[in-house]
Amino acid sequence: MASLQRISVSLIIVLSCLNASGGDPWKPPAGAREAGMSYVCLTGNSFWSSFHNQALLAGSSLSAGFSYENRFGIKELGTRYAALRVPAGNASIGGVYSYFGYPDFRRQSAGIACGLQLSRKISAGAQVDYFSEKTTGEYSDHQAITFETGLLFSVNENVSLGVHVFNPLPDRLHDIKLPTIIRAGAGISLSPSLFAGFEAEMNDVSYRKALVVRAGFDFEAIRHLFLRGGFSSENSSFSMGLGYDLGFVQLDLAFATHDRLGITSTASFIFEIDKKKNLTQRAQR
């Protein structure tokens, strides 16, 4: 009975990985703010966006975050995230960790990133990633190392363009098949309280080669209370979310639909350790 249950859960994991919105299983998405916007985050100035486009790390304040994604209400499909951003002169560095699965099947990833302001309008960043997959029984464990890089260009005070590439390496360098993902997008501040963005993504994995487009918005409805929404063409997924900024702590919650598998919920906690610097950055936006 226990073996049958493990097989059933493993099958669900495989099917959900093939069909889940918001990213590849080897490149797990992170952040409830981002989830509420259908992961339109290449140009968004937020904590978790720094690990979707490392160019956004430039000028970061000292902060730490924790996030949990509950995919389709199945605890075995839950993913946990932890991350830290540290300013370092003209650059900022960051670290991120994720854990997906359950004791009989689990995937873990860790990354070290750096972002640098190259000029007044251009910033760039890169991240080295380590991936590990472990299973019980006679199946082999797998490991891989790769990198990702991003670029941010500020057209003006209100409009930004972002590009991000994950794993631009040939398959023969990996023990496992990692996707190559290319994303590009634009973000615009329509007002001091409203941000909107649009992105497109290509993935070389056979079952996800179609172009994926996403659109999302972030609106400060009242002071410190944010409402979010988004759409992804992958599985025709709609998302919504809300957040509340307490100054030192930001709380975010998001829900995303799937046309066949149900609802995915995400919650995040972000701790602004260097509050003074963070408030200065907000005043400049």
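Residues numbered from 1 in each chain as written. Predicted model: local features only at pLDDT ≥ 70, side-chain atom pairs only at ≥ 80, totals over all residues. Heavy atoms only, no water.

Q: Give a description of the overall build of the chain that names residues and reports values.
A: Of the regular secondary structure elements, the chain holds three helices and 14 strands. Looking at the 285 residues of the chain, the share that counts as buried comes to 47%. The contacts in the chain between residues at least 6 apart in sequence include a share of 47% that link residues at least 24 apart. Of the accessible surface of the chain, which amounts to about 13,600 Å², a share of 65% is contributed by carbon and sulfur atoms. (Helix = DSSP H or I, 4+ residues; strand = E, 2+ residues; numbered from the N terminus. Buried < 20%, exposed > 50% of the residue type's maximum accessible area, 1.4 Å probe, protein only. Contact = heavy atoms within 4.5 Å. Areas by Shrake-Rupley, 256 points an atom, 1.4 Å probe, with all protein chains shown as cover.)

Q: I'd like a rundown of the environment of Ser232, residues and numbers included.
A: Checked against the element boundaries, Ser232 lands in strand E11 (residues 225-232). Exposure remark for Ser232: the relative accessible area of 3% places this residue in the buried category. Discounting residues that sit within four places of it in the chain, Ser232 has contacts with Ser38, Val212, Val213, Arg214 and Ser237.

Q: Mind laying out the nonpolar core, listing which residues take part and the relevant values?
A: Counting eight residues, the largest nonpolar core consists of Ala30, Phe47, Trp48, Phe51, Tyr81, Ala83, Val96 and Ile270. In this structure, Phe51 is in contact with Lys27, Ala83, Leu84, Arg85, Gly94, Gly95, Val96, Gln127 and Glu148, ignoring residues within four places of it in sequence. Of all hydrophobic cores here, the second largest spans six residues; its members include Phe131, Ala144, Phe166 and Ile181. (Core = buried A, V, L, I, M, F, W, Y, C linked by side-chain atoms within 4.5 Å.)

Q: Outline the pairing of strand E4 (residues 105-117), supporting the account with residue identities and numerical values.
A: As defined by bridge partners, strand E3 (residues 91-102) adjoins E4 across 12 bridges and the pair is classed as antiparallel. Of the residues in E4, the one forming a bridge with Gly95 is Ile112. Two successive antiparallel strands, E3 and E4, enclose a turn made up of two residues. Here E4 runs beside strand E5 (residues 122-135); their pairing, made up of 13 bridges, is antiparallel. (Pairing = 2+ DSSP bridges.)

Q: Now, about the pairing of strand E14 (residues 262-272): what can you tell me, with residues and values included?
A: Both faces of the sheet carry side chains from a regular strand, because those side chains alternate between them. Alignment of strand E1 (residues 63-71) against E14, held across nine bridges, turns out to be antiparallel. Paired with Ala64 across the strands is Phe271, a residue of E14. Pairing between strand E13 (residues 249-258) and E14: 10 bridges, direction antiparallel. The residue of E14 that forms the bridge with Ala256 is Thr264. The antiparallel hairpin formed by E13 and E14 contains three residues in its connecting segment.

Q: Quick rundown of the confidence of the model for the chain? Include the residues and the values.
A: Mean pLDDT over the chain: 83, with 83% of residues reaching 70 or higher. Within the model, pLDDT remains below 50 along residues 1-23, and this stretch shows 42 contacts once partners closer than five positions in the same chain are excluded. Long-range and interchain partners of residues 278-285, a stretch whose pLDDT sits below 50, account for 11 contacts in this model, where long-range means more than four residues apart. (pLDDT = per-residue confidence, 0-100.)

Q: Describe the packing of aromatic side chains, listing the residues and the values that go with them.
A: For the structure shown, the criterion picks out six aromatic pairs. Residues Phe47 and Trp48 carry aromatic rings whose centres are separated by 4.9 Å and whose planes lie at 85° to one another, so their mutual orientation is edge-to-face. Judged by relative accessible area, Trp48 falls into the buried class, the value being 1%. Taking 6.0 Å as the distance between ring centres and 85° as the angle between the ring planes, the aromatic pair formed by Phe131 and Phe166 counts as edge-to-face. Highlighted residues: Phe131 in strand E5 and Phe166 in strand E7 (residues 159-166), separated in sequence by 35 residues. The residues Phe131 and Phe166 share a single accessibility class, namely buried. In this structure an aromatic cluster arises from ring pairing among Phe47, Trp48, Phe51 and Tyr81. (Phe/Tyr/Trp six-rings, centres within 6.5 Å; stacked < 30°, edge-to-face > 60°.)

Q: I'd like a description of the pattern of salt bridges, backed by residues and values.
A: Tallied over the entire structure, the rule returns seven salt bridges. With its nearest N and O atoms 2.7 Å apart, the salt bridge here joins Arg228 to Asp252. You can see Arg228 sitting in strand E11 and its partner Asp252 sitting in strand E13, a full 24 residues away along the chain. When sorted by exposure, Arg228 lands in the same class as Asp252, which is buried. Within this structure, Arg33, Asp218, Arg228 and Asp252 form a network of salt bridges that share partners. (Salt bridge = Lys/Arg side-chain N within 4 Å of Asp/Glu carboxyl O.)

Q: Any chance you could break down the side chain of Glu148 for me, citing the residues and the numbers?
A: Mapped onto the secondary structure, Glu148 falls in strand E6 (residues 142-154). Side chain to side chain, Glu148 and Gln54 meet in a polar contact 3.0 Å long. One polar contact links Glu148 to His164, side chain to side chain, over a distance of 3.0 Å. The contacts of Glu148, once residues within four sequence positions are left out, are Lys27, Phe51, Gln54, Gly125, Ala126, Gln127, Asp129, His164, Val165 and Phe166. (Polar contact = N/O pair within 3.5 Å; in protein donor to acceptor, adjacent residues only side chain to side chain.)

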